[in-house]
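Residue strings, one per chain:
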Amino acid sequence: MPRRVPPCVATLDDRPPKGPGWALEVKWDGYRLSVHVEPGEVRAITRGGYDWTRRFGAIVAEARQLGHATMILDGEAVVLDEHGRSDFGLLQRALGKRPSLHDAGEILFMAFDLLYLDGRDLHDLPQSDRRRLLEPIVAGRTGAIRLSEEVDADADDFFRVACELGLEGIIAKRRDKPYRSGRRPEWRKIKCVRRDTFAIVGYEPSTVPGAIGRLLLAARKGDGLVYVGGCGTGWSYQESVKLRELLNAIPADRPAVALKRKGAIFARPLLVADVEYRAWTQDGKLRHPSFKGVREMEGEFEVYEISDLLVDNS
């Protein structure tokens, strides 16, 4: 049984794929997580390979009760709002040290794939077969571990309803394909409002003392980073001051991107920002970006890859 499996990551698309060969699910807004069950040990591993077992106590405890000696579940850790929608901000506060209306016990694990079961590696099985093995294990559960349901509907209708309900979007997966790590075309994500993760390479100071005016953001391109614009909204004054303190603690000797901007303060790209935006401009910059959260970078897949960029020419 592998100690870690780098996750399969969905490719961004602008519309749902057609045909019966695609399985459809809700796109969850949380932390990607794999749950490894072994005799005497259960581990919760993040997308970047970090062991966060202690942060997900309820999920780990329930995984011990699923009735299998060895198993790797792939899914998303989420906190649901009062309407049953996953909310990344609520999840961050539930995992944080500051007082919150939500605690770690409210974090759910929405399981959507099964990669290993009772000594058998399932990677090479098609998605439909892995799903058939997963469902008896977690379907119908109402505790910390639940099944991410497949939706039997027309893809365009499902996407429209998901957006009307205020969900982040949908996921489409090819039923006949094996599980492969990395960003893959057989998994597609279609977003109602686009939201992705970008490296923070610096900031422009605000006219308000101690605060940030704009975050400077970058995406991956090949082996490096490329500047994709600045973000100046989405935080409170207190959040802005804290973010400035974090960036001042990791100064860069030289900018991580090719950018000359008077007054800018550059930082090492160790933090990533979750950013909501409308589209891309023709010159490859984010249109109407809004800051939604910050976290430490866990690995290369944390940062949006420019090769997936869908330019909006309208």
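Residues numbered from 1 in each chain as written. Predicted model: local features only at pLDDT ≥ 70, side-chain atom pairs only at ≥ 80, totals over all residues. Heavy atoms only, no water.

Bringing the overall build of the protein chain into the picture now. Helix and strand content of the protein chain: five helices and 18 strands. For the protein chain, the C-alpha radius of gyration of 20 Å lies close to 20 Å, the compact-globule estimate for 314 residues. Taken along its principal axes, the extent of the C-alpha atoms in the protein chain is 60 × 45 × 40 Å. The buried share among the 314 residues of the protein chain stands at 51%. Put simply, of all contacts in the protein chain between residues at least 6 apart along the chain, 69% involve residues at least 24 apart. Charge separation in the protein chain, taken as the distance between the mean sites of 49 positive and 47 negative side-chain charges, equals 5 Å. (Helix = DSSP H or I, 4+ residues; strand = E, 2+ residues; numbered from the N terminus. Rg over C-alpha atoms; globule rule 2.2 N^0.38 Å. Buried < 20%, exposed > 50% of the residue type's maximum accessible area, 1.4 Å probe, protein only. Contact = heavy atoms within 4.5 Å. Lys, Arg positive; Asp, Glu negative; His and termini not counted. Charge placed at Lys NZ, Arg CZ, Asp CG, Glu CD.)

We now examine the state of the cysteines. Linking two cysteines covalently via their sulfur atoms produces the bond known as a disulfide. One pass over the structure, following the stated rule, counts one disulfide. With its sulfur 2.1 Å from that of its partner, C163 forms a disulfide with C192. On the sign convention where negative is left-handed, the bridge of C163 and C192, at about -95 degrees about the S-S bond, is left-handed. Remark: C192 occurs in the loop between strand 10 (182–191) and strand 11 (194–205) and C163 occurs in helix 4 (residues 155–164); sequence separation between them is 29 residues. Note on C163: relative accessible area 29%, which makes it partly exposed. (Disulfide = S-S within 2.5 Å.)

Another aspect to go through is the nonpolar core. Counting 34 residues, the largest nonpolar core has F56 and I107 as the members making the most contacts within it. Mapped by element, the contributors of at least two residues to this core are strand 3 (31–38), strand 4 (41–46), helix 1 (57–63), strand 5 (71–78), helix 2 (88–95), strand 6 (108–117), helix 3 (127–138) and strand 8 (145–147). If one sorts the elements of this core by residue count, helix 2 sits on top with five residues. Leaving out residues up to four positions away in the same chain, I107 has contacts with R55, F56, I59, A77, V78, V79, L91, A94, L95 and A144. Of all hydrophobic cores here, the second largest spans 24 residues; its members include L12, L215, A267 and Y304. (Core = buried A, V, L, I, M, F, W, Y, C linked by side-chain atoms within 4.5 Å.)

Under the defined criterion, the tally for this structure stands at eight aromatic pairs. Relative to F88, the ring of Y31 has its centre 5.4 Å away and its plane inclined at 70 degrees; by these criteria the two rings are edge-to-face. Taken as a pair, Y31 in strand 3 and F88 in helix 2 lie far apart in primary sequence, 57 residues in all. With respect to burial, Y31 and F88 carry one shared label: buried. Relative to Y304, the ring of F198 has its centre 5.6 Å away and its plane inclined at 40 degrees; by these criteria the two rings are tilted. Taken as a pair, F198 in strand 11 and Y304 in the segment after strand 18 (290–296) lie far apart in primary sequence, 106 residues in all. Within the aromatic cluster, the residues linked to one another by ring pairs are Y31, W52, F56 and F88. For the cation-ring pair, R55 lies above W52, with the distance from its terminal atom to the ring centre recorded as 4.1 Å. One residue, K173, lies across the ring of W187, its end atom 4.1 Å from the ring centre. (Phe/Tyr/Trp six-rings, centres within 6.5 Å; stacked < 30°, edge-to-face > 60°. Lys NZ or Arg CZ within 6 Å of the ring centre and 35° of its normal.)

These figures come from the coordinates and say nothing about function on their own.
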